[in-house]
Amino acid sequence: MVDLQGQYYKIKPEIDSAIMEVIETAKFIRGPQVETFANNLSKYTGAKYVIPCANGTDALQIAMMALDLKPGDEVITATFTYAATAEVIALLGLKPVLVEVDEKTFCISSESVEKAITPKTKAIVPVHLFGQCADMENLIEIAKKYNLYIIEDLAQAIGSVYSFNDGSKKQAGTMGDIGTTSFFPSKNLGCYGDGGALFSNDELITEKIKMIANHGQKKQYYHDIIGVNSRLDTIQAAILDVKLKYLDEYCKARQDVAAFYDNAFFNNSDITIPYREPKSTHVFHQYTVLVNSVDRDLLKQELATLGIPTMVYYPLPLHFQKAFASDDYKLGTFPVSESLCKKVLSLPISTEMDNEQLEFIVNNIITTINKLKK
Ligand SMILES: *Cc1c(COP(=O)(O)O)cnc(C)c1O
């Protein structure tokens, strides 16, 4: 699905020397590269504060902890997404309230969010799924109206830009109270292991986040609140600081792959190409189509035998996961999400694909669908 080796070889000397510098200075934890990277990412995204941490799931957990939510408080998120978001809500004794997604963007539906609000609702967690921003214009309005926090999960959308009605533009992760992201290797900005970060424009929230990520201490060995241990390794920060310089280039390469697929499928009723929300740029963490006229799993299987890897993000909505099971969730509770789970297919997309590979993929998808239709 991704070609991380090819990506590495293109910038090998820079990466190798960044890693060696950390090893030679032996500042593996809290080395200066961590702060340098945080500052550079802050400049890139426009987030006033960037606080690195150990991974994207930790970032979500630390964000929820920083907002002083109480057990039983309700946090609204989408049912069609990666489990991490709802998982940390439940882990902290909060109540994940799952809602439907928009059938075009696959991101959380703001109408469904508003309908799910109760006096216990404290926060909304939109996930900018597959590389495109959720409906932030309306979500921010709803959050203001009901006095709710917004935590944006931008693990799949770093660098995506959202345009508001008033003409202002903001990057994913800088529009709500806190943004959380992951530097998992296959993410658009990925390191060579685990990594994550939180974004905020608020100084007090940032101070709280820093304390929580560091065992609840401001001064060493004085623990004011209950925290966790969540750090970005210096080696990972050094790698990320090199790769950040190439993020726009990587993004463009992904958009070029997407344009190739678009062009191949836009007139094809068997495949629905990803919708482009006019208010958001799309950084294509995934290129996810809907398979309309044949069995998605059969197509996936056939493509695998031809050497074409595809993925299903996600096969089961959260409301049908055993971990989040509830009697309230019957078949048909969230019909859009349930249908998406049966039809979505993510095609190979990486920064290192050439037209020959893309033609091979496209031609085989078309012939395989035609074969399966007979
Ligand atoms: C990858 C991802 C996460 C979790 O990131 P980790 O670094 O693997 O913990 C959370 N949310 C979304 C939407 C993701 O894609």
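Residues numbered from 1 in each chain as written. Predicted model: local features only at pLDDT ≥ 70, side-chain atom pairs only at ≥ 80, totals over all residues. Heavy atoms only, no water.

Further remarks concern the site of the ligand. Lining the immediate surroundings of the ligand are Asn 55, Gly 56, Thr 57, Tyr 82, Ala 84, Val 127, Asp 153, Ala 155, Gln 156, Ser 182 and Lys 187. A distance of 2.5 Å separates an oxygen atom of the ligand from a polar side-chain atom of Thr 57. Between the ligand and Ser 182, the relevant distance is 2.7 Å, taken from an oxygen atom to a side-chain nitrogen or oxygen of the residue. The class makeup of the residues in the shell around the ligand is four nonpolar, five polar and two charged. (Near = heavy atom within 4 Å. Polar contact = N/O pair within 3.5 Å; in protein donor to acceptor, adjacent residues only side chain to side chain. Nonpolar A, V, L, I, M, F, W, Y, C, P; charged D, E, K, R; others polar.)

Once that is clear, we can look at the pattern of salt bridges. Taken as a whole and judged by the stated rule, the model has 13 salt bridges. Across the pair Lys 208 and Asp 68 runs a salt bridge, and its minimum N-O distance is 2.8 Å. Here Asp 68 lies in the loop between helix H4 (56–66) and strand S2 (74–78) and Lys 208 lies in helix H8 (residues 203–213), a separation of 140 residues in the sequence. For the salt bridge of Arg 296 with Asp 297, the shortest nitrogen-to-oxygen distance reads 2.9 Å. (Salt bridge = Lys/Arg side-chain N within 4 Å of Asp/Glu carboxyl O. Helix = DSSP H or I, 4+ residues; strand = E, 2+ residues; numbered from the N terminus.)

Of all hydrophobic cores here, the largest spans 76 residues; its most connected members are Phe 37, Leu 41, Phe 80, Phe 183, Leu 189 and Tyr 261. Counting residues domain by domain, this core receives three or more from each of domain 1 (4–100 + 107–244) and domain 2 (247–373). The residues touching Leu 41, leaving out its near neighbours within four places in the chain, are Val 50, Ile 158, Phe 183, Leu 189, Phe 199 and Leu 244. Grouped together as the second largest cluster of nonpolar side chains are 24 residues, Ile 89, Ala 123, Ile 178 and Leu 198 included. (Core = buried A, V, L, I, M, F, W, Y, C linked by side-chain atoms within 4.5 Å. Buried < 20%, exposed > 50% of the residue type's maximum accessible area, 1.4 Å probe, protein only. Domains from an automatic or database assignment. Contact = heavy atoms within 4.5 Å.)

Read from one edge of the open sheet, three strands run S12-S13-S14, paired in antiparallel fashion. Taken across any chain shown, the strands that pair with only one partner, and hence form the sheet edges, are strand S12 (271–272) and strand S14 (344–347). Where S12 lies against strand S13 (residues 287–291), two bridges are found, and the strand directions are antiparallel. Bridge assignment links Thr 272 to a residue of S13, and that residue is Leu 290. Contacts from helix H10 (residues 247–265) reach S12, S13 and S14 within the one sheet, and its direction differs from that of S13 by about 20°. (Pairing = 2+ DSSP bridges. Axes fitted to C-alpha atoms, helices over the stretch in contact; angles between N-to-C directions.)

Below, the discussion takes up the domain arrangement of the chain. Splitting the chain by domain gives domain 1 (4–100 + 107–244) and domain 2 (247–373). Put simply, the middle of domain 1 and the middle of domain 2, counted by C-alpha atoms, are 25 Å apart. Listed per partner, the contact involves 39 residues of domain 1 and 32 residues of domain 2. With both sides pooled, the region where domain 1 packs onto domain 2 buries about 3,100 Å², and carbon together with sulfur makes up 56% of that total. Where domain 1 meets domain 2, there are two salt bridges. Taking the shortest distance from any N to any O, the salt bridge between Lys 10 and Glu 352 comes out at 2.6 Å. At the boundary of domain 1 with domain 2, the tally comes to 25 residue pairs in polar contact (both at pLDDT 80 or more). Elements with a minimum of two residues in the side of domain 1 that touches domain 2: helix H1 (4–10), helix H5 (84–91), strand S3 (95–99), strand S6 (161–163) and helix H9 (234–244). (Buried area = accessible area lost by both parts, 1.4 Å probe.)

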